[in-house]
Amino acid sequence: MLGKKVTAGRTTASTEGDVVVLLIGMRINHFWAVHHWGPVLLAMPRMLRELQRAPERGLLAHVLLTASPRTYYVVQYWESKEKLYAYAHSPEMFHHRAWAMINRKEKAGKARQHVGLWHEAYVVPEGSYESIYADMPAFGLAAAHGQVPVERRGRSAKERFAHKSGSVTPQGRGELRDEPRRRADG
């Protein structure tokens, strides 16, 4: 987040409707097998660059994270599950070629458990998520959908969970501080 403008005070994501979140990652099972996990590690940045060049594909924002020295993952925010599926299955996109290569190795018996792969996808219905950021640049859900003063959605988590598209909380109306991003930049 170096160089990103900090928004003073408490804010929340200006999300409307359902939220689509993809967690996708890898685990290095054997450190010495760099020739197995190295290409996997390098594939994700390539896919993210590809998606940044094509915002119409639907990736709104992403955050690169690590869970341990062995496990790396990305939290991705998408416009819709349909756009996520379309990207994953598109033959002209790198993801499709990468999975085809992994499947060929597995069928040929060349997958030797040196690297683990995983993903989890969620469609979170409106009214089932909330967020709060204190003195933060737009991050996570707010980087994907924009950032508004917390009063716009409610001071408490309970109020923010109850927010529905088009509703305004009794606490007040806030001005939009950051427009939603149309490109992915963790």
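Residues numbered from 1 in each chain as written. Predicted model: local features only at pLDDT ≥ 70, side-chain atom pairs only at ≥ 80, totals over all residues. Heavy atoms only, no water.

With respect to the helices, strands and loops of the structure, His-95 is situated in helix α3 (residues 94–107). Take His-95: its relative accessible area is 14%, and that puts it in the buried class. In contact with His-95, not counting residues within four places along its chain, are Met-47, Glu-50, Tyr-87 and Ala-88. (Helix = DSSP H or I, 4+ residues; strand = E, 2+ residues; numbered from the N terminus. Buried < 20%, exposed > 50% of the residue type's maximum accessible area, 1.4 Å probe, protein only. Contact = heavy atoms within 4.5 Å.)

Moving on: unusual backbone geometry. The phi dihedral of Gln-113 is positive, around 65°, even though this residue is not glycine. Here Gln-113 lies in the loop between α3 and β5 (115–124). Positive phi values are uncommon outside glycine, yet Asp-135 reaches one of about 50°. Residue placement: Asp-135 occurs in strand β6 (residues 133–136).

What follows concerns the sheet that holds β5. Paired through backbone hydrogen bonds, the strands of a sheet run either parallel or antiparallel to each other. The strand order across the open sheet built from four strands is β3-β4-β2-β5, with neighbouring strands paired in antiparallel fashion. Both edges of this open sheet fall to β3 (59–66) and β5, since each of them pairs with a single strand only. With strand direction ignored, the average angle separating the axes of adjacent strands in the sheet is 15°. Sheet topology note: the strand β2 (residues 19–28)/strand β4 (residues 71–78) ladder contains eight bridges and is antiparallel. Residue pairing for β4: Val-20 is matched across the bridge by Trp-78. (Pairing = 2+ DSSP bridges. Axes fitted to C-alpha atoms, helices over the stretch in contact; angles between N-to-C directions.)

It is worth spelling out a positive patch on the surface at this point. Positive charge collects at one region of the surface, where Arg-46, Arg-49, Arg-53 and Arg-97 lie side by side. Within the fold, Arg-49 resides in helix α1 (residues 34–52). (Patch = residues over 30% accessible without salt bridge, like charges linked within 9 Å, V, L, I, M, F, W, Y side chains within 5 Å. Areas by Shrake-Rupley, 256 points an atom, 1.4 Å probe, with all protein chains shown as cover. Salt bridge = Lys/Arg side-chain N within 4 Å of Asp/Glu carboxyl O. Lys, Arg positive; Asp, Glu negative; His and termini not counted. Charge placed at Lys NZ, Arg CZ, Asp CG, Glu CD.)

Quick look at the environment of Thr-11 now. Checked against the element boundaries, Thr-11 lands in strand β1 (residues 7–13). On the basis of relative accessible area, Thr-11 is assigned to the buried category, the value being 1%. For Thr-11 and Val-150, which are 139 residues apart along the polypeptide, the C-alpha to C-alpha distance reads 4.3 Å. At 2.9 Å, the side chain of Thr-11 and the side chain of Gln-147 are in polar contact. (Polar contact = N/O pair within 3.5 Å; in protein donor to acceptor, adjacent residues only side chain to side chain.)

Mapping Trp-118 onto the fold places it in strand β5. It is 5.5 Å that separates the C-alpha atoms of Trp-118 and Gly-25, two residues lying 93 residues apart in sequence. In this view, Trp-118 contacts Leu-23, Ile-24, Gly-25, Met-26, Thr-71 and Tyr-73; residues no more than four positions away in its chain are not counted.

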